[in-house]
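# Coordinate analysis (summary)
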Amino acid sequence: MTEIILLPKTGNFAENKDIARNIRLNELIPMLENGEDIILNFKGVEAATQSFIHALISDLFRKYGNSILDRISFKDCNEKIRKIISIVTDYMQE
Amino acid sequence: MKIHLPNSAFIGNIDSFLRSIDFSDRSRLEITANKNWISVHPVVLSMVASLGLTIGKDNIYCEPFEAKSKNYFERMGMFKILGIDSGIKIHEHEAAGRFIPLTIIRNSDELTYFITEVIPLLHLDPVQAEPIKYVISELARNVFEHSESPYGAILCAQYYPDVNRIRIGIADTGIGIKNSMRQSYSVEDDMTAIKLALVPGITGTTTKIGGTETNAGAGLFFIKSIAKVSRDFFMIYSGHSLFKLLRTPVNKNVRLFADPNKDGHSENTDLPSWQGTVVGIDITLNQNNDFTKLLDLIRKAYSEGLTERKRIRHKEAKFI
């Protein structure tokens, strides 16, 4: 399991989709391609926009299917971030 | 173009102000104002500034303001952004806690700076600041990603402590919602395009439900939902059309709908044509308007909306 600490990249309000895209393209996808499982650590991130979470993970569902949720975990999310992640993971599995 | 700032123009009564704008000569902007008192929503200031930026200060004629409330427009930076010397002398009050003056945001870095450095100047509780950051982030990114405007997003906001409400206005002079949606959908008119843009999962960047890897098509739905949960107004004006979410009465339960036709709203489809998009929102910053509850409602509405769209698109096999 490789852990990605988001706070230094996103700040406490995760809204910058360019940053989300960079994390996805430069870290998440290469790690997944390398067979690694991933922990996304949201410690210290107080809020995130749905657009940010979408830009971070939606394409992973398209590339790897719903089973991506077996390979990626979300750590130290507060309730709001959990709910936003759940909204995105719900609609990406529809 | 001629624009007259009336005695009062807030989202509830903004239709007559919008109807009065004269876009006939787009090479010149003439600004006049009520001579006694002018009290307007920040979205009005964002619109005036946006129009001024498209033509430059040499083509702007602004009648000297006489109203007692003229200092407000100086403080909000309207004359400064238009490049006009208003002749109004004021003692600059610290902006903290009351307003965000007219600001141009052109790119992601400027937006991040604005969110981290400017919004805290409102000195609101984190719980209260959260929906404001959310709304401004999503709306400004819509401008960068969809409007194709070289002038960026022009926004301002005003906090009203007596009613604990913030009013936010953001405008652009880009291609407008109809042209943006037409990149992927066949839309006949501005109102159809606005309503389509409000449906979660629909974006002008693709016909795929759920959007692309970078666009979910949910931003405007979230923002409309924030206004609805706080029982406040929300408006989108683009081209000839105005969609206005009306306040939900306190004796009615708030329910979110994926289909904007189901919301209590008004429509106006024959207004003077705004080349671009204007969004205005009011948010009551009640501590009881818990963002987590809003997210529960959004999750439910999103799921119901997707189920409904699947049902509509679902085809049965033909057995002959």
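Residues numbered from 1 in each chain as written. Chains lettered and ligands numbered in written order. Predicted model: local features only at pLDDT ≥ 70, side-chain atom pairs only at ≥ 80, totals over all residues. Heavy atoms only, no water.

For chain B, the name recorded in an unreviewed UniProt entry is ATP-binding region ATPase domain protein, with Candidatus Collierbacteria bacterium GW2011_GWA2_42_17 as its organism.

Per an unreviewed UniProt entry, chain A is named DUF4325 domain-containing protein, and its organism is Candidatus Collierbacteria bacterium GW2011_GWA2_42_17.

### Digging into the overall build of chain B
Along chain B, the regular secondary structure elements total 10 helices and 12 strands. Relative to the 2.2 N^0.38 estimate, which gives 20 Å for 320 residues, the radius of gyration of chain B is 20 Å and therefore close to what a compact globule would have. In terms of its C-alpha atoms, chain B occupies a principal-axis envelope of roughly 80 × 45 × 40 Å. Going through the 320 residues of chain B one by one, you find that 57% of them count as buried. By sequence separation, contacts in chain B at least 24 residues apart represent 71% of the contacts at least 6 residues apart. (Helix = DSSP H or I, 4+ residues; strand = E, 2+ residues; numbered from the N terminus. Rg over C-alpha atoms; globule rule 2.2 N^0.38 Å. Buried < 20%, exposed > 50% of the residue type's maximum accessible area, 1.4 Å probe, protein only. Contact = heavy atoms within 4.5 Å.)

### Description of the overall build of chain A
Helices and strands together make up the secondary structure of chain A, namely four helices and five strands. Walking chain A from its N terminus toward its C terminus, one meets helices and strands in the order β-α-β-α-β-β-α-β-α. Against the globule reference of 12 Å for 94 residues, chain A gives a C-alpha radius of gyration of 12 Å, in line with a compact fold. Summarising its shape, the C-alpha atoms of chain A cover approximately 30 × 30 × 20 Å along the three principal directions.

### What about the pattern of salt bridges?
Under the definition given, this model contains 22 salt bridges over all chains. The salt bridge involving Asp270(B) is made with Arg19(B); its shortest N-O contact spans 3.4 Å. Taken as a pair, Asp270(B) in the loop between strand E11 (265-268) and strand E12 (274-284) and Arg19(B) in helix H1 (residues 15-20) lie far apart in primary sequence, 251 residues in all. A residue is classified by how much of its surface remains accessible, and Arg19(B), at 42% relative accessible area, is partly exposed. The salt bridge partner of Arg28(B) is Glu30(B), with a shortest N-O separation of 3.2 Å. Accessibility expressed as a relative area gives 21% for Glu30(B), which makes it partly exposed. Sharing partners across several salt bridges, the network here consists of Glu79(A), Lys83(A) and Asp296(B). (Salt bridge = Lys/Arg side-chain N within 4 Å of Asp/Glu carboxyl O.)

### Notes on the packing of helix H6 (residues 126-147) of chain B against helix H9 (residues 219-229) of chain B
Axis angle and axis distance: for two packed helices, these are the angle between their axes and the distance between the axes, and together they describe the pair. Residues and elements named next belong to chain B. One can describe the packing of H6 onto H9 by two numbers: an axis separation of 10 Å at closest approach and a directional angle of 150 degrees. For H6 against H9, the interelement crossing comes out left-handed. Side by side, H6 and H9 meet where Pro131, Tyr134, Val135, Glu138, Leu139 and Asn142 of the first sit next to Gly219, Leu220, Phe222, Ile223 and Ile226 of the second. Looking at the contact of H6 with H9, its residues break down into eight nonpolar, two polar and one charged. (Axes fitted to C-alpha atoms, helices over the stretch in contact; angles between N-to-C directions. Left-handed = near helix turned anticlockwise from the far one by under 90°. Nonpolar A, V, L, I, M, F, W, Y, C, P; charged D, E, K, R; others polar.)

### A word on the interface of chain B and chain A
Interfaces are often sized by the accessible area lost when the parts come together. Each partner contributes to the interface: chain B provides 32 residues, whereas chain A provides 27 residues. Where chain B meets chain A, there are five salt bridges. Where chain B packs against chain A, one counts 16 residue pairs in polar contact (both at pLDDT 80 or more). Ranked by the residues each element gives to the side of chain B that touches chain A, the list is headed by helix H10 (residues 291-313) of chain B, at 10 residues. (Polar contact = N/O pair within 3.5 Å; in protein donor to acceptor, adjacent residues only side chain to side chain.)

### A look at the sheet that holds strand E5 (residues 60-62) of chain B
Within a sheet, adjacent strands bond to each other through the backbone by hydrogen bonds, running parallel or antiparallel. Residues and elements named next belong to chain B. One open sheet holds the three strands; their spatial order is E1-E3-E5, and the pairing between them is parallel. Each having just a single partner strand, strand E1 (2-5) and E5 make up the two edges of the open sheet. Taking each pair of neighbouring strands and ignoring which way they run, the sheet shows an average axis angle of 15 degrees. Packing against the sheet, helix H2 (residues 42-55) makes contact with E1, strand E3 (29-33) and E5, and its axis sits at approximately 150 degrees to E3. (Pairing = 2+ DSSP bridges.)

### Focus: the sheet that holds strand E9 (residues 234-239) of chain B
All names here are of chain B. Here we have seven strands laid out as an open sheet, ordered E6-E7-E8-E12-E9-E10-E11, and antiparallel in their pairing. One side of each edge strand has no neighbouring strand; the edge strands of this open sheet are strand E6 (99-105) and E11. In this sheet, neighbouring strand axes are inclined to one another by 10 degrees on average, regardless of whether the strands run parallel or antiparallel. Across four bridges, the pairing between strand E10 (residues 241-245) and E11 is antiparallel. The partner of Leu242 across the bridge, within E11, is Asn268. Running at roughly 165 degrees to E6, helix H5 (residues 108-118) makes contact with E6 and strand E7 (153-160) of the sheet. Strands in contact with helix H8 (residues 190-198) are E9, E10 and E11; relative to E10, the strand with the most contacts, it is inclined by about 40 degrees.

### Remarks on the packing of aromatic side chains
For the structure shown, the criterion picks out 10 aromatic pairs over all chains. Considering the side-chain rings of Tyr91(A) and Tyr302(B), the 4.8 Å spacing of their centres and the 15 degrees angle between planes classify their relative orientation as stacked. Placement of Tyr91(A) in helix H4 (residues 79-93) and of Tyr302(B) in helix H10 is noted, with the two residues assigned to different chains. In this structure Tyr91(A) comes out as buried when scored by relative accessible area, which is 6%. With a relative accessible area of 3%, Tyr302(B) lands in the buried category. Residues Tyr237(B) and Trp274(B) carry aromatic rings whose centres are separated by 6.3 Å and whose planes lie at 40 degrees to one another, so their mutual orientation is tilted. Of this pair, Tyr237(B) sits in strand E9 while Trp274(B) is found in strand E12, placing the two residues 37 residues apart along the sequence. Each member of the pair, Tyr237(B) as well as Trp274(B), carries the same accessibility label: buried. In textbook terms, an aromatic cluster arises when at least three aromatic residues are bridged by ring pairs, as seen for Tyr91(A), Tyr134(B), Phe221(B), Phe222(B), Phe291(B) and Tyr302(B). (Phe/Tyr/Trp six-rings, centres within 6.5 Å; stacked < 30°, edge-to-face > 60°.)

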